[in-house]
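Reading the structure
Here are the chains, one letter per residue:
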Amino acid sequence: MFAFIVSRVLQALPVMLTVALLSFAMFAYVGDPVAIMLGQDYTEAQRTQLISDLGLDQPFFVQFFKFVVNAAQGEFGLSYRLSRPVADLIAERAPATLELALCAAALALAIGVPMGVYTGLYRNSWLSRFFLTFSLIGVSLPTFLIGILLILTFSVWLGWLPSFGRGDTIRWGWWSTGLATWSGLKALILPAITLGLFQLTLIMRLVRAEMLEVLRTDYIKFARARGLTNRAVHFGHALKNTLVPVITITGLQLGAIIAFAIVTETVFQWPGMGLLFIQSVGAADIPVMSAYLLLIALMFVTINLIVDLLYYAVDPRLRIGGGKGGH
Amino acid sequence: MARTQGAMARFLDSDIWYSFTRSPITVASAIVAFICIGGAVLAPWIAPHNPFDLASLQLMDAFKPPAWTEEGDPTYWLGTDDQGRDVLSAIMYGARVSLLVGFCAVLLSVSVGITVGLAAGYIGGTTDAVLMRIADIKLTFPTILVALLIDGVVRAALPREVHDQIALYVVIFAIGISNWPSFARTVRGSTLVERNKEYVQAARVIGLSRSRIMITHVLPNVLGPVLVIATLNLGFAVLAEATLSFLGVGVPPTQPSLGTLIRIGNDFLFSGEWWITIFPGIALIVLVLSVNLLGDWLRDALNPKLR
């Protein structure tokens, strides 16, 4: 087990270093931070002073090393656009994005799994056909258009739900949550559906395919032969065995959800990290962009690692292989 | 002439044509895709109005609802936008930009993907390991994120006027470059199978160079699956472009694509002018859905195992 974890972490390190290098190269070579920080009036002495203060006169690898050490401590410098520490900006915005992403994932699971089970069990019913058509449309609809259609229907025409912002939030230490207030919950509904719809259709199709496969196996036939009720066979035996890939895919998709939150947050003006990032892209705010890039990479690598460990915990065949397997 | 007729007859007799005519959904989506692409390509000649001809624009005509509603104007079937541009014509011109970006981006992904895949599969060894590792790293990041980053970096590195001029190419590059690994993987897989076949060994025995074998002998035999992925990727690239333009980092507003039109219309959603954003949205969905259905069919038709 230990050796497996170590080998996985060792594999993740080069990925993180590559991303850090890219992110540093962006930081160092795109735009001119000195010119931006100095403004209009400066003397040559001030300029030289600032360059040596920032360490820009040092060799590339020394600078890169400093960048990595700083980044590891959460230090990314000041945002060009807002003149505030990047770490503070991100810490402020992170709760909004994480709440949105987790709610979207929970929604996708809570609705996608039952729909998948149903379409797997009753393949030819008209409701199954309806679900499948619905999922095809869900895959072809771009996220931002789903958001616009939902806003048009539920905010503009019906006037039931708010179309932008997070509603009232409550601060909980450094974490701000919208889940504790009525208006916060109402504001969460449309963005969560928008973000979760694609994942929902994905999970539904996956559960359906797995169910169809499992239902054909011998142990299901045996369970039926033993005279177990349909309920016990379907949920106790069949569904349980489909859940492993579902959990894995959902875990891996969590990264995609956070990335796609950029689009959803733009449509709903949701004050999360995605909106911060897109505003930074528009304003060429390199420190925020490179910090976000590193953060997302770290998240992806961590999620991949956890998923690998889950595999390891769930599938005994991997343990015999001494952790050489993977996927 | 006789030869083309022969080829035509052979095509009408082929399995692919047979499976095409047997699937009504495929025929329907082919017709819809054909209409969409035709309408886009021929826009300057068949569009009812020219949305870029400033002389013909009248602010009096702004915000006209679709023709079938009470206040609708029959000359503007789908209504007009905030500047009095005909929505239908704007959609046709916009689809042109969307499809242009989509095609070029796919072309770029295909060329990079094929080059990398062939090299990795045929040369093997360290080249293979390094190239595939890069593809893996690329695959961990969602396309939208990579495209956004590339666009952001270019925006920061170049002055604004220059950026607006080359924005179209930046978008094509950003989408194309973030999509090549799927092609590279497929081509590598097929190349690994092909490289051990007798015709490749024969080519090697007669002393052909490595690049010549790769390009003239292996390449034609691995193109089938590439075609399928390219079709599916076209729908994807069009969506990616629309998303980027919607986020405001795609093509410049002087050449609005479907995504730009949706973004512009989004501002008028709350004042009740829903048609400015909904019709370009429907056009985008119809275009992507029909292309995706065609791609799905092509995948099944070229893969005898699924039949």
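Residues numbered from 1 in each chain as written. Chains lettered and ligands numbered in written order. Predicted model: local features only at pLDDT ≥ 70, side-chain atom pairs only at ≥ 80, totals over all residues. Heavy atoms only, no water.

1. Brief notes about the overall build of chain B
What counts here: Counting from the N terminus, the helices are DSSP H or I runs at least four residues long and the strands are E runs at least two residues long. Accessible area is worked out with a 1.4 Å probe on protein chains only. A residue is then buried under 20% of its type maximum, exposed over 50%, and partly exposed in between. All accessible-area figures derive from a Shrake-Rupley calculation using a 1.4 Å probe, and residue coverage is judged against the displayed protein chains alone.
The secondary structure content of chain B amounts to 14 helices and zero strands. For chain B, the N- to C-terminal ordering of α and β elements is α-α-α-α-α-α-α-α-α-α-α-α-α-α. Looking at chain B residue by residue over its 307 residues, the buried ones come to 50%. Of the accessible surface of chain B, which amounts to about 15000 Å², a share of 66% is contributed by carbon and sulfur atoms.

2. Notes on the interface of chain A and chain B
This is how the line gets drawn: We call two residues in contact whenever any of their non-hydrogen atoms come within 4.5 Å of each other. Accessible area that two parts lose when put together, with a 1.4 Å probe and added across both, is what the buried area reports. The working definition used for a salt bridge is a side-chain nitrogen of Lys or Arg within 4 Å of a carboxyl oxygen of Asp or Glu. Each polar contact in these results corresponds to two N or O atoms within 3.5 Å; when the atoms are within protein, one needs to be able to donate a hydrogen and the other to accept it, and residues that are neighboring in sequence are counted only if both atoms are side-chain atoms.
Taken together, the contact pairs 40 residues of chain A with 34 residues of chain B. In this assembly, chain A packs against chain B so that about 3100 Å² is buried in total across both faces, 87% of it on carbon and sulfur atoms. The largest contributions to the chain A side of the interface with chain B come from Ser140(A), Phe144(A) and Ile148(A), which together make up 18% of the buried area. Along the contact surface separating chain A from chain B lie zero salt bridges. Put simply, chain A and chain B have zero residue pairs in polar contact (both at pLDDT 80 or more) between them. Listed by contribution, the elements that provide at least two residues to the side of chain A that touches chain B are helix H1 (2-29), helix H6 (126-140), helix H7 (143-157), helix H10 (230-268), helix H11 (273-283) and helix H12 (286-314) of chain A.

3. With respect to the environment of Ile303(A)
Residue and element names in this part refer to chain A. Residue position: isoleucine 303 is located in helix H12. On the basis of relative accessible area, isoleucine 303 is assigned to the buried category, the value being 15%. A C-alpha to C-alpha distance of 9.8 Å links isoleucine 303 and threonine 248, two positions 55 residues apart in sequence. Among residues more than four places away in sequence, those in contact with isoleucine 303 are Gly251, Leu252, Leu254 and Gly255.

4. With respect to the environment of Val207(A)
All names here are of chain A. Mapped onto the secondary structure, valine 207 falls in helix H8 (residues 182-215). Under the relative-accessibility criterion, valine 207 is labelled buried at 0%. Each C-alpha atom of the pair valine 207 and leucine 228 lies 22 Å from the other, and the pair is 21 residues apart in sequence.

5. Concerning a nonpolar patch on the surface
All names here are of chain A. Applicable threshold: Two joining distances apply to patches: 9 Å for like charges and 5 Å for nonpolar side chains (Val, Leu, Ile, Met, Phe, Trp, Tyr), and every residue must have over 30% relative accessible area and no salt bridge.
A contiguous nonpolar patch, built from Phe2, Val6, Val9, Leu10 and Leu13 and spanning about 470 Å² of accessible area, is present on the exposed surface. Following the sequence through the fold, valine 9 ends up in helix H1. The exposure class of valine 9 is partly exposed, given its relative accessible area of 36%.

6. Here we look at the UniProt feature "transmembrane region" (unreviewed entry) in chain A
Residue and element names in this part refer to chain A. The test is simple: UniProt positions are given in the numbering used here, feature names are shortened, and annotations may be inferred rather than shown by experiment.
In this numbering, the UniProt entry assigns the feature "transmembrane region" (unreviewed entry) to residues 12-30, 98-118, 130-160, 180-203, 243-263 and 291-314. Structurally, residues 98-118 comprises 100% helix and 0% strand, and the distance from its first C-alpha atom to its last is 30 Å. End C-alpha atoms of residues 130-160 are separated by 27 Å, and the span's content is 84% helix alongside 0% strand.

7. Some words on the pattern of salt bridges
All told, the structure shown has three salt bridges over all chains when counted by the stated rule. Between Glu92(A) and Arg84(A) there is a salt bridge; the shortest N-O distance is 2.9 Å. Residue Glu92(A) is classed as partly exposed on the basis of its relative accessible area of 43%. On the basis of relative accessibility, which here comes to 32%, the residue Arg84(A) falls in the partly exposed class. The residue Arg188(B) makes a salt bridge to Asp128(B) at a minimum N-O spacing of 2.7 Å. Residue Arg188(B) is found in helix H9 (residues 180-194), and its partner Asp128(B) is found in helix H6 (residues 125-140); the two are separated by 60 residues along the sequence.

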